[in-house]
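One letter stands for each residue in the lines below.
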Amino acid sequence: MTESGDGGVQEPQEQEPTAPPADEATVAPAAPAAADQAIAADARTNGDRQVLLDVDHLQVYFPIKAGVIIDRQIGQVHAVDDVSFDLLEGETLGVVGESGCGKTTLIRALVRLIEPTSGSVRFDGADITKLGRKQMEPIRRQMQMVFQDPQASLNPRKRIGQILATPLQIRGVARNQIQQEAGTLLDRVGLAQDVVNRFPHEFSGGQRQRIGIARALAVNPKLVLLDEPVSALDVSIQAQVINLLDELQHELSLSYVFVAHDLSVVRHVSDRIVVMYLGKLMEVSPAEELYTKPIHPYTTALLSAIPIPDPNQNRSRERVVVSGEPPNPINPPSGCRFHTRCPRASEICRTSEPPLTEYAAGHLAACHHPQNVTESEIAASTRSDQSSRSSGSETPDLSPGTGLQSTPVSAPATAA
Amino acid sequence: MSADAPAPLLDVEGLKVSFATEDGIVRAVDGVSFTVGAGEVVAVVGESGSGKSVTAMTLLGLTRGPNSIFEGTATFEGTELIGASGKQLQRIRGAGIAMVFQDPMSSLDPVYRVGDQIVEQIRVHEKVSKAQAMDRAVEMMERVGIPRAKERLRSYPHEFSGGMRQRVMIAMALSCSPRLLLADEPTTALDVTIQAQILDEMRTLRQESGAGIILVTHDLGVVADIADRVIVMYSGRVVEQGTLDDIFYNPQHPYTWGLLGSITRIDADRSQRLPAIAGMPPSVLRAPKGCHFRPRCPHAFDKCGEVPELEHRQPDVPTSLDRCWLPVADKKRLRVIGDQIGLAEPAEPETVSA
């Protein structure tokens, strides 16, 4: 990690949003970014740990086009809608949500595999959203991705040795060292060194995922973005890969963004978790607290939908089954995006989007009717600067009858 | 529940399914026996390649082909399924046994409206008019929670989300009121909130119509949620079966311990390391001699070179059967890792070699 000169590569230039001409077709319909950008300081610190990744009001909209000869834009998919969070060095941030909530789009936008519509991503203090291709190269070396489907993400016509050689060359490993380095990498991910001459199809799913991880590690990244890395694997193999990721993080002091739909896997690996719904952040929380003290009703619904592999607990616990399915992200609901399915929704939820509010240290939720928080916590709560720009300023409703409660994981019976 | 109902709905005895391939004979299912009673949910658990889907599909004759070899019997309400003619099976499909497949996208025909597909399936199995079948289709779709069912009859599969498609599959399977439902990973492709809804539908079906359900899954959470009895399969064999509580609180086979240990759960301590099962499932072409789990089992000993029979090994637990040579007394001690059930890891973690 030392040789490529870390973050020193591009600090100086890129502060103005003067878009470099190259492939920058992303000037948003609404780009209110510049003004309060200054708030996000260059390299913020949180305690003694550096902020490695600082995502600020990131938006990714996909245009929907129609028309035979002339393309007209008739709408847009709000895939990621004004999302802000940060990631500390050495930390694992879990991102959870149902399919279609924008979690994959989000992490792809972080490495600019998808161009963000607006907002900024700062890596190691430098804004990378406006960098050109050449300028992105050294950054990409520090942030690597592991994909969901290990079958589809390895070139079936290349041998494992070749697959690993390319990133090693990019890292600048001398030609005669590459074989040895590839062996070390394979060793590190628990594969025998003699597999270099094999093709991806000769491996099982779990082994392929190990190869995908080895490829990501080949360039000595600081940050690894994991997109559902274990969801295609059998449980016993899942456990092996999770353990491997855990070991690697300790040995190489990596930071992870871990995207998954499985809340129990995310709980196991994460330090902090963000919960997404229809492109928005619903809750941001230290990992353990999310499960013992979920504030947002959506989190409660997600947790309650997970069947616990313990018959007695399953019989005894009370469950909230939310009805319906996530609405269409082309035309998301007004106000709080979850209000169409939320058992606690009231009038204000339909009209006003709740801001992300910080209740306890590091525990944020965007909800008008938070659960598991005391009145004093609500009184002391503050609107977080990670809130969407479109959100209102209302603090949570304190009026009686909104059912403030401090019981763990259980929401009111869906009476209606 | 009705663990030993007088005459089970389905009785599978010594079922073996092999496929002749260029590389040799694949023993996909190698000796599976179980029963399903009316109103009972039997879960078949295992990893990919364990033979759980093949078992389910064989019951409906879906694995037949020039290279398939079958042994053993499967009796459904007195009718033998394994040797049955195509016609006999066709009579059983629908009102007798219906199936829900894992992937709703590839099991619905993309060029027909879903209404027509449901209607077709009703009319193949019952003599009703098209209009009656349409009405039934609407009723079924409403029952599985598809809003605006009448309109949605005219939609094509691609116009539905994954959860809705799976509901269409279930509506189709239920439209002839089957007495036995085979559900092959019905919720695996779905989000948890939708999964919870589908599981609710299945529970309702069981309660309302008293149908038996065979649920093929790899998700132990789903099993704990809905099953009455559990069959654990590994590499083509049933390694253990018993009631839900037997499997979760008194598991006898080390593979079951490993499965239970390696799941991440939201209710337990976040231990630093998951007690994973080392190695990988054996290739079905080159299954090891004796117990198939032997190469991955840290407790294996000489005796494991012989295949253990699936039998009662605990005199005081008549519902539990397993295939493991370890003395019952030792198992209680060996299966505890920390304060949970799990499989001990081998002394030194081996690397996966060529």
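Please read all numbers here as calculations on a predicted model, not as lab measurements.

## Examining the overall build of chain A
- Helix and strand counts for chain A stand at 12 helices and 14 strands.
- Scored against the burial criterion, the 416 residues of chain A give a buried share of 49%.

## Focus: the interface of chain B and chain A
- Residue-level contacts link 39 residues of chain B with 40 residues of chain A.
- Where the side of chain B that touches chain A is concerned, the elements lending two or more residues are helix 8 (192–209), helix 9 (220–226), helix 10 (244–249) and helix 11 (254–262) of chain B.
- At seven residues, the largest contribution of residues to the side of chain B that touches chain A is made by helix 8 of chain B.
- Considered class by class, the residues forming the side of chain B that touches chain A number 17 nonpolar, 13 polar and nine charged.

## Thoughts on helix 1 (residues 103–110) of chain A
Residue and element names in this part refer to chain A.
- Among the eight residues of helix 1, eight are classified as buried, and the element is accordingly described as predominantly covered.
- Looking at helix 1, one finds that the buried residues are K103, T104, T105, L106, I107, R108, A109 and L110.
- Of the residues trailing helix 1, R112 is marked for its positive phi of about 60°.

## Considering the confidence of the model for chain A
Residues and elements named next belong to chain A.
- Mean pLDDT over chain A works out to 82, with 83% of the residues at or above the 70 mark.
- Considering only residues more than four positions removed or in separate chains, one finds that residues 1–44, a stretch of pLDDT under 50, has 51 contacts.
- Long-range and interchain partners of residues 399–416, a stretch whose pLDDT sits below 50, account for 24 contacts in this model, where long-range means more than four residues apart.

## Looking at the pairing of strand 6 (residues 97–100) of chain B
Residue and element names in this part refer to chain B.
- Residues I97 and M99 line one face of strand 6 and the alternating positions A98 and V100 line the opposite face, and both faces are buried.
- The sheet contact formed by strand 6 and strand 7 (residues 180–184) spans four bridges and is parallel. Note that in strand 7 the partner of I97 across the bridge is L180.

## So, helix 5 (residues 130–143) of chain B
- Taking 1.5 Å as the rise per residue, helix 5 of chain B with 14 residues should run 20 Å; its terminal C-alpha atoms sit 20 Å apart, in good agreement.
- B:G145 sits one or two positions beyond helix 5 of chain B and adopts a positive phi of about 85°.

## Focus on the sheet that holds strand 14 (residues 382–383) of chain A
- Read across the open sheet, the nine strands follow the order 7-8-9-4-10-11-13-12-14 (chain A); overall the sheet is mixed. Where the open sheet ends on each side, the last strands, each with one partner, are strand 7 (143–146) and strand 14 of chain A.

## Here's the deal with the packing of helix 5 (residues 205–217) of chain A against helix 6 (residues 235–252) of chain A
Residues and elements named next belong to chain A.
- In contact at an axis separation of 10 Å, helix 5 and helix 6 are set at 20° when each is read in the N-to-C sense. Regarding the angle of helix 5 to helix 6, the classification is roughly parallel. Seen from above, helix 5 lies across helix 6 with right-handed handedness. Within the contact between the two elements, helix 5 uses G205, G206, Q209 and R210 and helix 6 uses I237, Q240, V241 and L244.
- Here the contact of helix 5 with helix 6 is composed, by residue class, of three nonpolar, four polar and one charged.

## A look at unusual backbone geometry
- At A:N220, a position not held by glycine, the phi torsion is positive, near 55°.
- Mapped onto the fold, A:N220 is located in the loop between helix 5 and strand 8 (223–227).
- For A:N220, a count of 17 C-beta atoms within 10 Å translates into the label partly exposed.
- One non-glycine residue, B:E185, lies in positive phi territory at about 45°.

## Here we look at the sheet that holds strand 4 (residues 68–76) of chain B
Residues and elements named next belong to chain B.
- Taking strand neighbours across the sheet as the criterion, the four strands line up as 2-1-4-5 in an open arrangement whose pairing is antiparallel. Every other strand in the sheet has two partners, leaving strand 2 (24–36) and strand 5 (79–80) as the edge strands with one partner each.
- Inspection of the sheet shows strand 4 paired to strand 5 by two bridges, in the antiparallel sense. Each residue of the ladder has a partner; that of T75, found in strand 5, is E80.
- Docked against the sheet, helix 1 (residues 52–59) engages strand 1 (10–21), strand 2 and strand 4, running at close to 70° with respect to strand 2.

## Some words on the environment of A:D187
- Tracing the backbone shows A:D187 in helix 4 (residues 178–188).
- Separated by 66 residues in sequence, A:D187 and A:S253 have C-alpha atoms that sit 18 Å apart.

## Quick word on the pairing of strand 2 (residues 49–66) of chain A
Residues and elements named next belong to chain A.
- Pairing between strand 2 and strand 3 (residues 72–88): 12 bridges, direction antiparallel. If you follow V55 over to strand 3, its bridge partner there is F85.
- A loop of five residues connects strand 2 with strand 3, the two strands running antiparallel in sequence, and G67 in this loop sits at a positive phi of about 110°.
- Summarising the sheet, strand 2 and strand 5 (residues 118–123) pair through five bridges and their orientation is antiparallel. Each residue of the ladder has a partner; that of L53, found in strand 5, is F123.

What counts as what
- Residues numbered from 1 in each chain as written.
- Chains lettered and ligands numbered in written order.
- Predicted model: local features only at pLDDT ≥ 70, side-chain atom pairs only at ≥ 80, totals over all residues.
- Helix = DSSP H or I, 4+ residues; strand = E, 2+ residues; numbered from the N terminus.
- Buried ≥ 20, exposed ≤ 12 C-beta atoms within 10 Å, placed from the backbone.
- Contact = placed C-beta atoms within 7 Å.
- Nonpolar A, V, L, I, M, F, W, Y, C, P; charged D, E, K, R; others polar.
- pLDDT = per-residue confidence, 0-100.
- Pairing = 2+ DSSP bridges.
- Expected span 1.5 Å × (residues − 1).
- Axes fitted to C-alpha atoms, helices over the stretch in contact; angles between N-to-C directions.
- Parallel < 35°, antiparallel > 145°, perpendicular 65-115°, else oblique.
- Left-handed = near helix turned anticlockwise from the far one by under 90°.

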